[in-house]
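Results of the structural survey
Chain by chain, the residues:
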Amino acid sequence: SKQDLRELKKQLKVSIASALSEAATTHHARRTYLVHELNTVFALCTDCPGLLAPKIQLIYCLLSLARSEVLWYVTHAANGAPKSKIYKKMAVAEASDHLGVARLISSIDAVASLVRVHVGVVVEYYTDYMTRIDTPSLETILASAKSSVQDPRV
């Protein structure tokens, strides 16, 4: 049992070292991807604002992921890393990505501004959508309620 515990501790140390050494690279790649996707959505919805409403859930998801990445970057770049070789490598990789984070923040701002400008399109789309979807269901419910009120047995 003690031997198993030692092996688990070794595996945990290796896993932590691996995660720390790859974290900066993984998050950099994620930020690059999000900048590309946000710029693509921005260009698409600028050309065709009517597509903003059907894609609003995707846009909110992208904005949420981008926000998480900015917060991750700020949290890890702002905190002084412990004195370890792994942390030093990670800190160097993070410090060199200020431009990438600036691009991500710029893309977030552009897409959020576009959503604010065209919020009326989104509201109109979903109001119309809910009216068309819910009307048949509502009519069925009202008809059954009306028939149960007219039925003397109830």
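Preceding block: the structure.
Residues numbered from 1 in each chain as written. Predicted model: local features only at pLDDT ≥ 70, side-chain atom pairs only at ≥ 80, totals over all residues. Heavy atoms only, no water.

Along the polypeptide, histidine 27 turns up in helix α1 (residues 2-47). By relative accessible area, histidine 27 is classed as buried at 12%. Aside from chain neighbours lying at most four places away, what touches histidine 27 is Glu69 and Trp72. (Helix = DSSP H or I, 4+ residues; strand = E, 2+ residues; numbered from the N terminus. Buried < 20%, exposed > 50% of the residue type's maximum accessible area, 1.4 Å probe, protein only. Contact = heavy atoms within 4.5 Å.)

Our focus in this paragraph is the side chain of glutamate 69. By the secondary structure assignment, glutamate 69 is in helix α2 (residues 56-78). Among the residues examined, glutamate 69 registers a relative accessible area of 4% and is labelled buried. Not counting chain neighbours up to four residues away, the residues in contact with glutamate 69 comprise His27, Arg30, Arg31, Leu34 and Leu104.

Attention now goes to the pattern of salt bridges. Per the counting criterion, the structure on display carries two salt bridges. Here glutamate 69 and arginine 30 are joined by a salt bridge, their closest N and O atoms 3.2 Å apart. You can see glutamate 69 sitting in helix α2 and its partner arginine 30 sitting in helix α1, a full 39 residues away along the chain. Among the residues examined, arginine 30 registers a relative accessible area of 38% and is labelled partly exposed. In this structure, arginine 31 and glutamate 69 form a salt bridge, with 3.7 Å as the shortest nitrogen-oxygen distance. Taken together, the residues span a long stretch of sequence, with arginine 31 in helix α1 and glutamate 69 in helix α2 at a distance of 38 residues. Accessibility expressed as a relative area gives 3% for arginine 31, which makes it buried. (Salt bridge = Lys/Arg side-chain N within 4 Å of Asp/Glu carboxyl O.)

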